[in-house]
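This is what each chain is made of:
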There are 6 protein chains.
Amino acid sequence: MKKNNDRIAIYPGTFDPITDGHLDIIKRASKLFSSVIVSVATNMKKKPMFSTTERVKMIKESVQNIKNVSVDTFSGLSIDYCNKKNSYILIRGLRAISDFENEFQMALMNRKIDNNIETVFLMPSEEYTYLSSSLVKEIASLNGDISNFVSNYVNKKMKEKT
Amino acid sequence: MKKNNDRIAIYPGTFDPITDGHLDIIKRASKLFSSVIVSVATNMKKKPMFSTTERVKMIKESVQNIKNVSVDTFSGLSIDYCNKKNSYILIRGLRAISDFENEFQMALMNRKIDNNIETVFLMPSEEYTYLSSSLVKEIASLNGDISNFVSNYVNKKMKEKT
Amino acid sequence: MKKNNDRIAIYPGTFDPITDGHLDIIKRASKLFSSVIVSVATNMKKKPMFSTTERVKMIKESVQNIKNVSVDTFSGLSIDYCNKKNSYILIRGLRAISDFENEFQMALMNRKIDNNIETVFLMPSEEYTYLSSSLVKEIASLNGDISNFVSNYVNKKMKEKT
Amino acid sequence: MKKNNDRIAIYPGTFDPITDGHLDIIKRASKLFSSVIVSVATNMKKKPMFSTTERVKMIKESVQNIKNVSVDTFSGLSIDYCNKKNSYILIRGLRAISDFENEFQMALMNRKIDNNIETVFLMPSEEYTYLSSSLVKEIASLNGDISNFVSNYVNKKMKEKT
Amino acid sequence: MKKNNDRIAIYPGTFDPITDGHLDIIKRASKLFSSVIVSVATNMKKKPMFSTTERVKMIKESVQNIKNVSVDTFSGLSIDYCNKKNSYILIRGLRAISDFENEFQMALMNRKIDNNIETVFLMPSEEYTYLSSSLVKEIASLNGDISNFVSNYVNKKMKEKT
Amino acid sequence: MKKNNDRIAIYPGTFDPITDGHLDIIKRASKLFSSVIVSVATNMKKKPMFSTTERVKMIKESVQNIKNVSVDTFSGLSIDYCNKKNSYILIRGLRAISDFENEFQMALMNRKIDNNIETVFLMPSEEYTYLSSSLVKEIASLNGDISNFVSNYVNKKMKEKT
């Protein structure tokens, strides 16, 4: 197995849009590893609300003050992307039981395909336990206030969409 | 926080259609609070089988003998509807683990938006643990007998649809 | 089934000792019902850290400013105690999956014995999701700081025990 | 209730496509009962990747060496199909918590409709805990290698589709 | 792997005491297999309320009218007992999430030790979802009525103990 | 928050005794961080089977070939021990739903006491999903073979105890 001192971690996701819960996980990961690449999945089953360019821009705006975090995009399997980036560390946030199961299923399947990649699970702050991009979009579609769940910039972009 | 003697509880949902499990929760809520408003969500992501008018009619037929229960419709967030009705009590039925998680996620998010609304969870009779509107529709679509799960009136209306 | 305008709710438990999470549930219940009786179980399988008298005193200290809350003790089944107090409402706090199962099991069993008693589940503030009397006692026994989890009075009493 | 020495078990599903996890359950069931009919559901809500004929052919290829297993198709409720085949035994595989709930809900509902049918739950080998037809299809669509999850024949057929 | 027409199933447990939920599982198993041996564990970590002889007697009284059910005792691992009885089928009842996990953990561990033994999970009637021997004992100790949960004979024996 | 290039991770536990599942987690952690200290809790509520010295010796024997892993003991809170060792990383293995909840509860409580400590969750290989020290001890006490679950050295030490 690979092992190097320059530990690059990948945090893959759809980030449609990035929430304060995602940002919380990014900050935690940035303290654990040399660098973190937040990477936006471009091939999604469902059409996203925001384009890849928009999603990358919103993340960049959120992480601009965290030195060792960069933003990228990927298509295909996240483990193939890890290898391309010389990383063997996948970051995933765990919130609830359903997360737990889906994440473990994905991590076990990834491990079966490439045993060198290690999935590291981090726990968001308890105030983000309930938070997901889809809930944020649902609330916005019902004219609810989402300012407690996303950054000002994302909130503004959401309003332009709805 | 608001506190009054005339405790109005809201039981929001899609009720597409109302099942014996929903009715069980309505009866329990009607004994705990001064009045219960069963309120049908009109803005749904998926197209419902029954129109709002049909869903309201089926509920009214089911609750006609419970004095302190009325039926209404709402759009937007359920907590905004609560405020409009001078209620601060949301009723939710809890059946299984997946219910538990989704309902808690929704309740925590609601609380973040409006801390005055309290979600009250009630447990249906054990014989309704398995029951959901979507399972009823699935069984009906496979020509199964749903008479044990819905009222005669709803059963008749379901047959007209399939 | 019984139904009256003077809705008395019972919140039974061991409260060994009362935590900020218990207090959060008591406050929520006090807004939903006419009065709430916090009732300390005197017959416990495991020997409690605090005597019944001490546990009652700590609760009284915590709820002294909530007008419609009183403190009592009971032995035997909580549903028998409910009936004695002319109440048909049992309050239970739900925190996590394991709570969910144990509480539902207990509630279903209670319902089988006395179908008139309704169990009402409330959700504590997310910051108390992790909190339990036993964790508080464990942390105290390892010389950890518990001032974020219990009142000053309880903290003082805990220090006298350890 | 029916009871006979010739115990026929039905293993219903969509098998779109059959995975090594399905095959593991089929082998276990074949040792427990006189004969097992693997039966492919023809009326699915979502359009399958493979036609009924293709799905049947892939299963037949997989089970050709297990003497007491046959392959069939069905529409409508699985319990109605059981009765038509003089079977009262439904086989279901259980992998994870979410399986557990969905399967129990379905089994309880089936039992309510026909109390003669017994659902028997089997546990796949731990190496298939993560495996599902939809994950296999997702990995294939992202150009991942699925040779560890399905038979060579299914792998070849998957490649013809993508 | 072994495979024979005379399928003997083992239902191991502590049965301290047998409840209506256990009896429900025994009846279901008796319809699925040639014969069922209900087998009482004699080496328990916690001292049981009833002696092995008493527990066997209560089970015998409950199953006397089911032809293909017998009662026995065992010490050591249940899989070793299976082999001694020429059985390769272990019956387990599944009620709730916590059951699910413990049972799966035990079944996976058993399979690791002896891959020939298959664990078959059955689902009790929904009215027994809440039922366990320990809850029955707890209710009895609080002077509650347990007549809905156990047979008349067991109820009488319980009263002699408390 | 602290942040340094020399990332020391602490893996605390009772290790009574160390199993192949623990060893799997230690190996994974050793690839993610500069060094890993496996630390044995000396103040346990239940009397352990093995003394602190024995438990440390068994771990040392297991990790002797992993360069960046050392073994230590601690009493008190694991987060206080972390600080003493200039570490801000706690390693925990996650196996099942019940693990998930207990571990999250503990991690949230730790975070409340010291927000600088990050808990990192790793997933053991699927073949260790079922494995725990207590199950190993139970199987050994029933004369079962535990050679698939622990090292030869631990197996020998277990036999000396029983």
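Thresholds, definitions, all that
Residues numbered from 1 in each chain as written. Chains lettered and ligands numbered in written order. Predicted model: local features only at pLDDT ≥ 70, side-chain atom pairs only at ≥ 80, totals over all residues. Heavy atoms only, no water. Contact = heavy atoms within 4.5 Å. Buried area = accessible area lost by both parts, 1.4 Å probe. Salt bridge = Lys/Arg side-chain N within 4 Å of Asp/Glu carboxyl O. Polar contact = N/O pair within 3.5 Å; in protein donor to acceptor, adjacent residues only side chain to side chain. Buried < 20%, exposed > 50% of the residue type's maximum accessible area, 1.4 Å probe, protein only. Helix = DSSP H or I, 4+ residues; strand = E, 2+ residues; numbered from the N terminus. Least-squares fit on C-alpha atoms with pLDDT ≥ 70 in both.

## As for the interface of chain C and chain E
Contacts between chain C and chain E engage eleven residues on the former and 16 residues on the latter. Interface area, chain C with chain E, both sides summed: about 1300 Å², of which 69% is carbon and sulfur. It is Glu101(C), Met109(C) and Lys112(C) that lose the most area in chain C upon contact with chain E, and together they represent 45% of the buried surface on that side. At the junction of chain C with chain E, the criterion picks out one salt bridge. Salt-bridge contacts for Lys112(C) lead to Glu127(E); the nearest nitrogen and oxygen are separated by 4.0 Å. Applying the counting rule to chain C against chain E returns one residue pair in polar contact (both at pLDDT 80 or more).

## Observations concerning the interface of chain A and chain F
Facing the 32 residues of chain A at the interface are 32 residues of chain F. With both sides pooled, the region where chain A packs onto chain F buries about 3000 Å², and carbon together with sulfur makes up 62% of that total. In terms of surface lost to chain F, no three residues of chain A exceed Lys31(A), Leu32(A) and Met123(A), which account for 24% of the buried area on that side. Counting across the chain A and chain F interface gives four salt bridges. The closest approach of N and O atoms between Glu126(A) and Lys112(F), which form a salt bridge, is 3.4 Å. One can count 15 residue pairs in polar contact (both at pLDDT 80 or more) joining chain A with chain F.

## Let's talk about helix 6 (residues 152–161) of chain B
Within helix 6 of chain B, the full set of buried residues consists of Tyr153(B), Val154(B), Asn155(B) and Met158(B). Of the surrounding elements, those touching the buried residues of helix 6 of chain B are helix 2 (52–63) and helix 5 (133–141) of chain B.

## Overview of the pattern of salt bridges
Overall, the coordinates contain 62 salt bridges over all chains when judged by the stated rule. For Arg95(D), the salt bridge identified is with Asp99(D), shortest N-O distance 2.8 Å. Accessibility expressed as a relative area gives 14% for Asp99(D), which makes it buried. Here Lys137(F) and Asp16(F) are joined by a salt bridge, their closest N and O atoms 2.9 Å apart. Of this pair, Lys137(F) sits in helix 5 (residues 133–141) while Asp16(F) sits in the loop between strand 1 (8–13) and helix 1 (20–32), and the two are 121 residues apart along the sequence. Sharing partners across several salt bridges, the network here consists of Asp24(A), Arg28(A), Arg111(F) and Glu118(F).

## Comments concerning the relation of the copies chain A and chain F
Note on the copies: chain A fits chain F at an RMSD of 0.0 Å, the axial shift is 0.0 Å, and the rotation between them is 180°. Here the copies are linked by what is in effect a two-fold axis. In terms of proximity to the rotation axis, the leading residue of chain A is Phe121(A), whose C-alpha is 2.5 Å off the axis. Comparing interface residues between copies, 100% of those in chain A also sit at the interface in chain F, which points to an isologous, same-surface contact.

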